[in-house]
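Residue strings, one per chain:
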Amino acid sequence: MKKTVTRLADGRELIYFDESDSAVRDAVDTRDLPARPPASELRYDPLVDEWVAVAAHRQSRTFLPPADECPLCPSRPGHPSEIPAESYNVAVFENRFPSFSGGPGAAEAAGVGGLTDEADLFARRPGVGRCEVVCFTSEHGGSFGALSPSRVRTVMEAWADRTAELSSLPGVEQVFCFENRGEEIGVTLHHPHGQIYGYPFVPPRTRRMLEAARSYAERTGGNLFDDVLAAERAAQVRVVAQTRHWTAFVPAAARWPVEVHIRPHRRVPDLAALDDAERAEFGPLYLRVLRALDRYFAPEGGPDLPLPYIAAWHQAPVHTDRDLAALHLQVFSVRRAANKLKYLAGSESAMGVWINDGRPEDVAARLRALVDEGGLG
């Protein structure tokens, strides 16, 4: 893989990840772009001990443009895009409308208040950090599930590279790689892409998982993530597919109508810590799972029904609890039937109490059969 770093017209970083060492990336961004937006602001909610990002400039971000105006397609005459090259394999660039951006100095210079702490009921902090867009392919009409295993490997190399790079930035406490797919999820650009957030704090779900893992270690002396994976592999009832280095399974207490976790057998803190064999083996397994998901609600003998989903890589925080955490991918969907969505209404949204209308064992059995049909046992 060849990595080439360049800059867009407004100074944002653009990185190409190419599968050929001969690729030349000298195209220049000739657009006349406005100044980059100011840093966002974090406001502390003392009632739940969480930070909320306020990024008003995101209201003006691009929303569902026609295909011939897609900002993630390669540039062409008359249509300069975020990617100046005529084609690309995988491209990563700083988000033009970031939720988090810049370092501490940039935030203060932009007029955002200095650091205050949780003792203040109205505490505020600069929204420092980094937000990047990851384009998986130059083909506008594709999807992650349609990628080749070799392209997935390139994407994994990009994820690992960016995880390491963002982890080294001042103020970044956790790196989150994810993909939103489908308008039902809230996608505003149809081009196959994902995002990477460098958070300036450890997010609530990660904190909750690590608290559970710490409590479990104190009670049992074991690692919670290791023991859950071992128990799922032993039971097999919720396992969807497994290889030498990875297992895909539906969690016993799944919250979403369709939800799959994919875990490496060797506990590692983040994507950058995966070895060559683990990176190579992930793509074929993940592609089988994604294609099974697209058949999950499809009519018998009918065409696939693309599943709206969120694919979220859970990684260890940059500075704390790296010995407790375990890298894993969570893929889940809001679709609960071919023509129905699960809405997060009163119980889920207001009280955080989830209600799943289906049995995880039944979801696993159907997905296992679909994966097996695709040729992966």
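Residues numbered from 1 in each chain as written. Predicted model: local features only at pLDDT ≥ 70, side-chain atom pairs only at ≥ 80, totals over all residues. Heavy atoms only, no water.

1. As for the confidence of the model for the protein chain
For the protein chain, per-residue confidence averages 94 on the pLDDT scale, and 95% of positions sit at 70 or higher. Within the model, the stretch residues 109-115 combines pLDDT values under 50 with 16 contacts to residues more than four positions away or in other chains. (pLDDT = per-residue confidence, 0-100. Contact = heavy atoms within 4.5 Å.)

2. A short note on the sheet that holds strand β13 (residues 309-314)
Pairing within the open sheet is antiparallel, and its 11 strands lie in the order β1-β2-β5-β7-β9-β8-β13-β14-β12-β11-β10. Edge positions in the sheet fall to β1 (2-7) and β10 (239-242), since each has one partner strand and no second. Neighbour to neighbour, the strand axes of the sheet diverge by 20° on average, direction disregarded. (Pairing = 2+ DSSP bridges. Helix = DSSP H or I, 4+ residues; strand = E, 2+ residues; numbered from the N terminus. Axes fitted to C-alpha atoms, helices over the stretch in contact; angles between N-to-C directions.)

3. A few points about the packing of helix α2 (residues 149-167) against helix α5 (residues 276-295)
Here α2 crosses α5 at 125°, and the two axes come no closer than 9 Å. Taken together, α2 and α5 sit at an angle that is classed as oblique. In this structure, α2 crosses over α5, and the sense of that crossing is right-handed. Seen from α2, the contacting residues are P149, V152, R153, M156, E157, W159 and A160; seen from α5, they are D276, R279, A280, F282, G283, P284 and L287. Residue composition of the contact of α2 with α5, grouped by class: nine nonpolar, one polar and four charged. (Parallel < 35°, antiparallel > 145°, perpendicular 65-115°, else oblique. Left-handed = near helix turned anticlockwise from the far one by under 90°. Nonpolar A, V, L, I, M, F, W, Y, C, P; charged D, E, K, R; others polar.)

4. Examining the sheet that holds strand β6 (residues 124-127)
On the basis of which strands lie adjacent, the open sheet formed by three strands has the order β4-β3-β6 and antiparallel pairing. The sheet is open, and its two edges are formed by β4 (50-54) and β6, each paired on a single side. Sheet twist, expressed as the average angle between the axes of neighbouring strands with direction ignored, equals 35°. Pairing of strand β3 (residues 40-45) with β4, which is carried by five bridges, proceeds in the antiparallel orientation. Across the sheet, the residue bridging to Y44 is W51, located in β4.

5. A closer look at the packing of aromatic side chains
Enumeration according to the criterion identifies 20 aromatic pairs in this entry. Consider the rings of Y199 and F201, whose centres lie 5.7 Å apart with planes at 35°: the pair is tilted. Like Y199, the residue F201 is buried in the burial classification. An aromatic cluster of at least three residues, connected via ring pairs, comprises F136, F144, W159, W246, F282, Y286 and W313. Just above the ring of Y16 sits the side chain of R25; from NZ or CZ to the centre is 4.9 Å. (Phe/Tyr/Trp six-rings, centres within 6.5 Å; stacked < 30°, edge-to-face > 60°. Buried < 20%, exposed > 50% of the residue type's maximum accessible area, 1.4 Å probe, protein only. Lys NZ or Arg CZ within 6 Å of the ring centre and 35° of its normal.)

6. What about unusual backbone geometry?
Negative phi characterises most residues that are not glycine, and trans characterises most peptide bonds. Positive phi outside glycine occurs at L64, with the angle close to 45°. Despite not being glycine, D321 has its phi angle at roughly 55°, a positive value. As for its position among the elements, D321 is in the loop between β13 and β14 (328-333). Judged by its relative accessible area of 23%, D321 falls in the partly exposed class.

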